[in-house]
Amino acid sequence: FDARKARTRALDAGFRDEQIVRYAVRPFDTRWCYYTDARPIWNEPRPALWAQRFDSNHFIATRPAGVANPEGIPFMFTAALGDNDALRGHAYYFPLGLNQSRPEAANGHLFGADDSTLHNYSPTVAGYLEALGETAAQSSAADIWLHTLAIGYSPAYLEENADGIRQNWPRIPLPSSQEQFRASAALGQRVADLLDTEKPVAGVTAGALRQELRSVAGLRRMDGKPLHAEEDLQLTAGWGHAGKEGVTMPGRGKLLSRERTAKELAELTHGLAALGIPQDEGLKRLGSTVVDVYLNDFCAWTNVPEQVWEVYIGGYQVMKKWLSYREYSFLKRPLTLAEAEEVQAMARRLTALCLLQPELDANYQKVKSATWHVQSDLHSIGDAARTGLAGI
C-alpha cells in the first residue's frame, strides 16, 4: 500500500496515545504497536479482538489444527494484543474475560474492566463449575483457562494425544473433583506467570534468582575481556537472513554445545534440591548438556540448557525465532542492553517451565484418572468458550 496515504488516513481518524500498546508477534516476542482500525494500516484490524483488550484481561491463544513439524506446545498466553501469525496455522485468541461493549464503540475506552465484564465460558462449563461448587468463587472464571494451560503444557498430555491435537483443537480433560480442579488451576497460574512477558516473576526474572537459574544465559565476552555494549551487542552470527520478498528467515547462527562446568553443575544440583527435584529428573527435563549462543565472534549467552534451546511453541523455536528478527543486517544497530537482557529472561522463564514438567505430568495423570463426563462429551477448547478471536 501507499505508506504516505495510509499514514494520512490513520491521522485523520484521530491519534490516541492509549492505542500505543504491547503486541505479541511470536511466543516470548512482545513489541509495541499502534492500533487503529483505519485501513490499510493493519491488513485486518479485528475490532472484536481489540474490544477484549483491557487492564487485567489475558488471552490464551491456540489454533484449530497443527501445520508445523515439530509444533511443540500448541498454546500461548499473553496480556498483549496478539498477531494472527503468533502461532503457525494462525492464532485464535480466547479472552479470559469478555467486555460487553460493542467493538465499534471500543476504541480508547477499554482500559479497565467494569461490571459489564462477563466470564468467557459456555453453559456446559458453567454447569460443570456449579457441580463442583465453584459458582461463588470469583477466581473460577479464569481457573477453567488456567487448568487448560496446566494440561496443555504437560509433555505427557502432548505425547499421548499427539494425533488428535495435530488434527483438531486440543481437547482438555476436566477433573471430577473440586480439589483437583483447584490444584490444576493453581499450577496453570504458575505456567501463565512464566509465559506472561509483561509480568516479572520472583526468583526467575526479579529479585534474588533461584540458584539453578543464576548463570543461565549469562552474557559475556568469551575471551574474558569487559563487555562493551556498542561493539559487542551486534548480532552478526547469522541467526536471520532475508528470504523471498524480504521475508525474515531463521539462519544457522553460531552455537557451541558443551558439558556444564563444575560451577554450573553445582548451581543446578543445589537448585534442583531446593525444588525437590531429583538430579536425574532435572537433567532429563533440561538435558545433560548446555549451549552457548553467540551474538557474534566474541560475545555469547552462555549455559542455556539444551532442552530450553529446543523449546517450540506453536511451530516456532522460541529463542532462535526471536534472534532471527534482530540480525544487525535487519536492525542496522546493535541490540540494546535491555534487548540482550530480554534473551536472558526468556531463557530463564523457559528453564523454569521445563522444571515444572514433572508437576505438570503428575497433574495430567491425576486428571486423566478421574475425569468429568458430560452428556454431550464436549471437552475441547472450542466448546469451552463463547468467543475465540483471530488476531490482527
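Our subject is the structure listed above.
Draft legend 1. Structural context of the nonpolar core. The biggest cluster of nonpolar side chains holds 93 residues, and the ones touching the most others in it are Tyr153 and Trp301. Looking at this core, the element that brings in the most residues is helix H14 (residues 337–355), giving nine residues. For Tyr153, the contacting residues outside a window of four places in its chain are Ile73, Phe75, Met76, Val191, Leu195, Ile313, Leu353 and Leu360.

Draft legend 2. Broad picture of helix H4 (residues 140–152). Spanning 13 residues, H4 covers 18 Å between terminal C-alpha atoms, matching the ideal 18 Å at 1.5 Å per step. Across the 13 residues of H4, twelve count as buried, placing the element largely inside the fold. Of the positions making up H4, those classed as buried are Ser140, Ala141, Asp143, Ile144, Trp145, Leu146, His147, Thr148, Leu149, Ala150, Ile151 and Gly152.

Draft legend 3. Expanded view of the packing of H4 against helix H7 (residues 178–195). It is at 7 Å that the axes of H4 and H7 come closest, and there the two elements cross at 75 degrees. When the axes of H4 and H7 are compared, the pair comes out roughly perpendicular. Contacts between H4 and H7 involve Asp143, Ile144, Leu146, His147, Leu149 and Ala150 from the first element and Phe181, Ser184, Ala185, Leu187, Gly188, Gln189, Val191, Ala192 and Leu195 from the second. Looking at the contact of H4 with H7 residue by residue, the classes come out as ten nonpolar, four polar and one charged.

Draft legend 4. Spatial organisation of the pattern of salt bridges. On inspection of all chains with the given rule, the structure shows 19 salt bridges. Taking the shortest distance from any N to any O, the salt bridge between Glu264 and Arg258 comes out at 2.9 Å. For the pair shown, Glu264 and Arg258 are each scored as buried. Note that Lys263 is salt-bridged to Glu267, the shortest N-O span being 2.9 Å. Taken together, the residues Lys263 and Glu267, both in helix H9 (residues 262–275) and four residues apart, mark about one turn of the helix. On the basis of relative accessible area, Lys263 is assigned to the exposed category, the value being 58%. What makes Glu267 buried here is its relative accessible area of 12%. A single network of salt bridges, built from pairs that share partners, joins Asp29, Arg31 and Arg326.

Draft legend 5. Up close: the packing of helix H10 (residues 279–286) against H14. The geometry of H10 relative to H14 is characterised by a closest axis approach of 9 Å and an angle of 125 degrees between their N-to-C directions. Relative to H14, the element H10 is oriented oblique. Seen from above, H10 lies across H14 with right-handed handedness. Within the contact between the two elements, H10 uses Gly282, Arg285 and Leu286 and H14 uses Thr351, Cys354 and Leu355. By residue class, the composition of the contact of H10 with H14 is three nonpolar, two polar and one charged.

Draft legend 6. Quick peek at the sheet that holds strand E9 (residues 218–221). With respect to topology, four strands assemble into an open sheet ordered E9-E14-E13-E12, the strand pairing being antiparallel. Each edge of the sheet is formed by a strand with only one pairing partner; in this case those strands are E9 and strand E12 (255–259). Direction aside, the axes of adjacent strands within the sheet are offset by 30 degrees on average. Inspection of the sheet shows strand E13 (residues 289–294) paired to strand E14 (residues 299–305) by four bridges, in the antiparallel sense. If you follow Tyr294 over to E14, its bridge partner there is Ala300. Contacting E9 and E14, H14 crosses the sheet at an angle of about 10 degrees to E14.

Criteria and cut-off values
- Just so you know, the residues in each chain are numbered from 1, in the order the chain's sequence is written.
- With the structure being a predicted model, the display of local features is reserved for residues of pLDDT at least 70 and the display and counting of side-chain atom pairs for 80 or more, all residues being used for whole-chain, interface and lining totals.
- Think of the side-chain values as coming from all heavy atoms in the structure, minus any hydrogens and water.
- For the purposes of this section, nonpolar cores are sets of buried Ala, Val, Leu, Ile, Met, Phe, Trp, Tyr and Cys residues that join through side-chain atoms within 4.5 Å.
- Exposure categories follow from relative accessible area, calculated using a 1.4 Å probe and restricted to protein chains: below 20% of the type maximum is buried, above 50% is exposed, and the middle band is partly exposed.
- Counting from the N terminus, the helices are the DSSP runs of H or I reaching at least four residues and the strands are the DSSP runs of E reaching at least two.
- Between two residues, a contact is recorded if the distance between any of their heavy atoms is within 4.5 Å.
- In a helix, the anticipated span is given by 1.5 Å times the number of residues less one.
- Comment: axis = line fitted to C-alpha atoms, over the contacting stretch for helices; angle = value between 0 and 180 degrees taken between N-to-C directions.
- Roughly parallel refers to an angle under 35 degrees, roughly antiparallel to one over 145, roughly perpendicular to one between 65 and 115, and oblique to any angle outside these ranges.
- Following the grouping adopted for this structure description, the nonpolar residues are Ala, Val, Leu, Ile, Met, Phe, Trp, Tyr, Cys and Pro, the charged ones are Asp, Glu, Lys and Arg, and the polar ones are all others, Gly among them.
- By salt bridge we mean one thing: a side-chain nitrogen of Lys or Arg within 4 Å of a carboxyl oxygen of Asp or Glu.
- Helix crossings get a hand from a simple test, with the near helix turned counterclockwise from the far one by less than a right angle marking a left-handed crossing and a clockwise turn marking a right-handed one.
- At least two bridges found by DSSP between two strands is the condition for calling them paired.

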